[in-house]
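Spelled out, the chains give:
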Amino acid sequence: MGDETGGVAVQAPVAELMALAERAARKAGALIRDERPESWQVQTKSSPTDVVTQMDHAAEDLLNDVLLGARPEDGLLGEEGGLQPGTSGLTWVVDPIDGTVNYLYGQPGYAVSVAVAVGDPLRPGHWTPVAGCVHSPGLGTTWTAGVGLGAFHEGRRLQLGAGPELSAALVGTGFGYRAERRRQQARVLAGLLPLIRDVRRIGSAAIDLCLVADGRLDAYYERGLHPWDVAAGMLVVREAGGQVLGLNGVPPSEHLLLAAPPALAETLRERLQALDAGRDED
C-alpha cells in the first residue's frame, strides 16, 4: 500500500524508506570511518584535484547491497557507478563519500548521502526526493527527512524561522574542480561577500544543506552540483521549511542550487542573478 504525501505518490511507506536510508547510510559511514586505509588508491575524474578513492567504491558497493537487497525492484544512481534502472518508480540516489577531499586529508567534513526519489534524477525538475539521510561519521551526526514527515537532526524535529536579512546572513558555498569554473565562482563570491555577514566553505554540499536546515548556516549556494550531492540534503531543507531554488525560473540543478529560509532565499536568488552566477565560464 502506497503513500501519497505532499502531492507525490510513493508505492511504499515513507517512514520505512527513511529508516532504510538511515540504516544504509550508517553502515556505509561505519565502513569508511573504521576501515580508513593507511595507503590510498586515488584516481582522478574531471581534473587532477577531483579525486575518488578505493573507499568511495567500497562504500557505494555496500550501499548498493543494502538498498537493493531490501528493495530489488528500485533503481539506484550512484556517484561512482552511474544509473541502474529499476521497475518500481523509485530510484535511490547515493553519494558514498560527499567530501572525498576532506576524507582523504583527515578532515571531519564528509558524509554519506542516501535518498530515494520519484521521477528521473538525471532530469532537473523531473524528480522529487521523498526520503533521505545524511550521515557524517567524521562529525558524529545524522540528519533524516521524509516527505510530509518532517526533517530531523539526531531525532530532533527541525523547523526553520524567517532567517536574517541578507546583510546578516552566514552563507555557505563551494567551488568546482576546473580552473575556469573556479575563476567564475570567485568573481561571483567577490560581488556577494560585501553584502553578507560572512562566508563558509565546508567541502560537502550534503552537510552544507543540512546546516541550513538546522540553522547553523543561514543560506547555501553552489554551481556544479549533481543529484547525488544534494538529493538527501535538499529534502532535509524543504521538510524543515526552507526553499531550494535555481536561478531565472530554472529548477535547482548543476546550473545552480541555493537553499535558505523562504524570504532570504528570494533575496539571495535576486543577488545571484544580478551577479550572473549561472553564467557559463569564459
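Before going into details, it helps to say that this report is about the structure given with it. Just so we're clear, the structure is a prediction, and the values are computed from it rather than from any experiment.

Notes on the sheet that holds strand S15 (residues 219-222)
Point 1. One open sheet accounts for five strands, arranged S14-S13-S15-S17-S16; its pairing is mixed. This sheet does not close on itself; its edge strands, each paired only once, are strand S14 (198-200) and strand S16 (243-245). Across the sheet, the mean angle separating the axes of adjacent strands is 20° when strand polarity is ignored.
Point 2. On top of the sheet, helix H6 (residues 227-239) reaches S16 and strand S17 (257-260); it is set at about 135° to S16, its chief contact.

Describing the pairing of strand S7 (residues 90-98)
Two faces, one strand: in a regular strand the side chains alternate between the faces of the sheet.
Point 1. Judged by how many residues are buried, S7 sits mostly within the fold: nine of nine residues are covered.
Point 2. The sheet contact formed by strand S5 (residues 75-78) and S7 spans four bridges and is parallel. Bridge pairing in S7 places Gly 75 opposite Thr 91.
Point 3. Here S7 pairs with strand S8 (residues 111-119) via seven bridges, running antiparallel. From the neighbouring strand, Leu 90 faces S8, where its bridge partner is Val 118.

Description of the nonpolar core
Point 1. Counting 67 residues, the largest nonpolar core has Leu 67, Trp 92 and Val 114 as the members making the most contacts within it.
Point 2. With ten residues, the top contributor of residues to this core is helix H1 (residues 14-34).

As for the state of the cysteines
Point 1. One pass over the structure, following the stated rule, counts zero disulfides.
Point 2. This cysteine, Cys 210, is not joined by any disulfide, and Cys 133 carries the nearest cysteine sulfur, 8.4 Å off.
Point 3. Exposure remark for Cys 210: the relative accessible area of 0% places this residue in the buried category.

Criteria and thresholds
Residues numbered from 1 in each chain as written. Predicted model: local features only at pLDDT ≥ 70, side-chain atom pairs only at ≥ 80, totals over all residues. Heavy atoms only, no water. Pairing = 2+ DSSP bridges. Helix = DSSP H or I, 4+ residues; strand = E, 2+ residues; numbered from the N terminus. Axes fitted to C-alpha atoms, helices over the stretch in contact; angles between N-to-C directions. Contact = heavy atoms within 4.5 Å. Buried < 20%, exposed > 50% of the residue type's maximum accessible area, 1.4 Å probe, protein only. Core = buried A, V, L, I, M, F, W, Y, C linked by side-chain atoms within 4.5 Å. Disulfide = S-S within 2.5 Å.

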